[in-house]
Amino acid sequence: DRRKLLEGPREPTEANLRVEATSGGERATLAIKVLVSAEVAGDITLSTTSPTLTGSSDTNFSFDLTLQNGSAQDQTVSATATGPAGWKVETKLAAAQAASTVVKAGSSTTITVTATPPPDAPAGQTEIDVTAKAGTKTIQAKLGVEITGTFTMTLSTPNQLVSARGAAGSGTTQPIVVKNTGTGPLTNVKMTATQPTKWTVTFDQETIPAIPAGQEVTVTATITPTGEAVTGDYQVTIKATAAGENGASAAEADLPMTFTVETSPI
């Protein structure tokens, strides 16, 4: 009885068979004894179709793993997962909210692993270790997370003032601090400005080749009002744009400034 063999106890099950052959008046009999061990009926495996996921450090990574109980016995299954320090890693059994569940012989269950990196997780490869226990068997697995990094930056001035002043027709220099506040490197950061008509704004570095994560670069802007500008306050906006993929920008930042044109002493 195949059903009884599959659902039988852990001890080897014995089956007695007898083979008979006849020819005319002759008869021969052969007794066969079959021992079926539940332990060798099949294996218990843990697999996933997506062992590696890619995203930025503000992504919640979710993996679905399938535990297949190919043995001849029902198995009590539990699972845990761990990641690097600062990561929040959780496991959930699809069949139950409890810490363990019973998976019948020949059946499977889904184990969901969710990994949340810290906001400052650096770009690069990270491994998540998964341990599943099915009865007396322990199964180890590794999941991969590829952090692409977050891309953000800020613009400021060394003294945190967002105002400058100068005479009409004369150039006034203004240091601008470009800081990479993300977790990935910024490349080809282009400096531009929006200014009143006939004004000019130039930079000693129009393009910054690279700014590593957490670091900053100081660029000098020269603001030159038109010689016809009258005394008063004007709006000048400094802008930085970091190149991304396929022509898109990876990060942008603006710094609105007030520029006061002073009366010329001439």
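The written sequence of each chain sets the order in which its residues are numbered from 1. Residue-level local features of this predicted model are given only where pLDDT is at least 70; pairs of side-chain atoms are given and counted only at 80 or more, and the full residue set underlies all totals for whole chains, interfaces and linings. The side-chain values count all of the structure's non-hydrogen atoms but skip hydrogen atoms and water molecules.

1. With respect to the confidence of the model for the protein chain
In the predicted model, the protein chain carries a mean pLDDT of 87, and the fraction of residues at 70 or more is 89%. Each residue carries a pLDDT score, the predictor's confidence in it, ranging from 0 to 100. It only takes one pair of heavy atoms within 4.5 Å for two residues to be counted as in contact. Here residues 1–10 is a poorly scored stretch, pLDDT under 50, and it has eleven contacts once near neighbours within four places are set aside; other chains count.

2. Some words on the packing of aromatic side chains
Two rings belonging to Phe, Tyr or Trp (six-membered ring only in the last case) form a pair when the distance between their centres is within 6.5 Å. Interplanar angles under 30 degrees mark stacking, angles over 60 mark edge-to-face geometry, and anything in between is tilted. Tallied over the entire structure, the rule returns two aromatic pairs. For the ring pair Trp199 and Tyr234, a centre distance of 5.0 Å and an interplane angle of 50° mean the geometry is tilted. Of this pair, Trp199 sits in the loop between β15 (186–194) and β16 (200–203) while Tyr234 sits in strand β19 (residues 232–243), placing them 35 residues apart in sequence. With a centroid separation of 5.5 Å and an interplanar angle of 85°, the aromatic rings of Trp199 and Phe259 are classed as edge-to-face. With a gap of 60 residues between them, Trp199 in the loop between β15 and β16 and Phe259 in strand β20 (residues 249–262) connect regions that are remote in the sequence. Each residue gets one of three labels from its accessible area relative to the maximum for its type: buried under 20%, exposed over 50%, partly exposed in between, using a 1.4 Å probe on protein chains only. On the basis of relative accessible area, Trp199 is assigned to the buried category, the value being 5%. A helix here means a DSSP run of H or I that spans at least four residues, while a strand means a run of E at least two residues long, and both kinds are numbered starting from the N terminus.

3. Points about the sheet that holds strand β12 (residues 153–156)
Note: two strands are recorded as paired if DSSP finds a minimum of 2 bridges between them. The antiparallel open sheet is built from four strands, whose spatial order is β12-β14-β18-β16. The sheet is open, and its two edges are formed by β12 and β16, each paired on a single side. Neighbouring strand axes in the sheet, compared pairwise and without regard to direction, differ in orientation by 25° on average. With four bridges joining them, β16 and strand β18 (residues 216–224) adopt antiparallel strand pairing. Its bridge partner being in β18, Phe203 is matched across the sheet by Ala221. Helix axes are fitted to C-alpha atoms over the stretch in contact, other axes to C-alpha atoms as well, and angles between N-to-C directions run from 0 to 180 degrees.

4. Re unusual backbone geometry
A positive phi angle is found at Gln160, which is not glycine, with a value near 65°. Here Gln160 is to be found in the loop between β12 and β13 (163–167). Among the residues examined, Gln160 registers a relative accessible area of 58% and is labelled exposed. A positive phi angle, close to 50°, is found at Asn188, a residue other than glycine. Looking at the element boundaries, Asn188 is found in strand β15. Taking the relative accessible area as the measure of exposure, Asn188 reaches 45% and is therefore partly exposed.

5. Digging into the pairing of strand β14 (residues 172–180)
In the sheet, β12 pairs with β14 via four bridges, with the strands oriented antiparallel. Its bridge partner being in β14, Thr154 is matched across the sheet by Lys179. Alignment of β14 against β18, held across eight bridges, turns out to be antiparallel. Following the sheet pairing, Pro175 is matched in β18 by Thr220.

6. Things to note about the sheet that holds strand β6 (residues 75–82)
Read from one edge to the other, the open sheet built from five strands follows the order β4-β11-β10-β6-β8, with strand pairing classed as mixed. Every interior strand has two partners, whereas the edge strands, β4 (52–55) and β8 (100–103), have only one. With direction set aside, neighbouring strand axes in the sheet form an average angle of 30°. Relative to β8, β6 runs antiparallel, the two being bridged by four bridges. Bridged to Gln75 within β8 is Val103.

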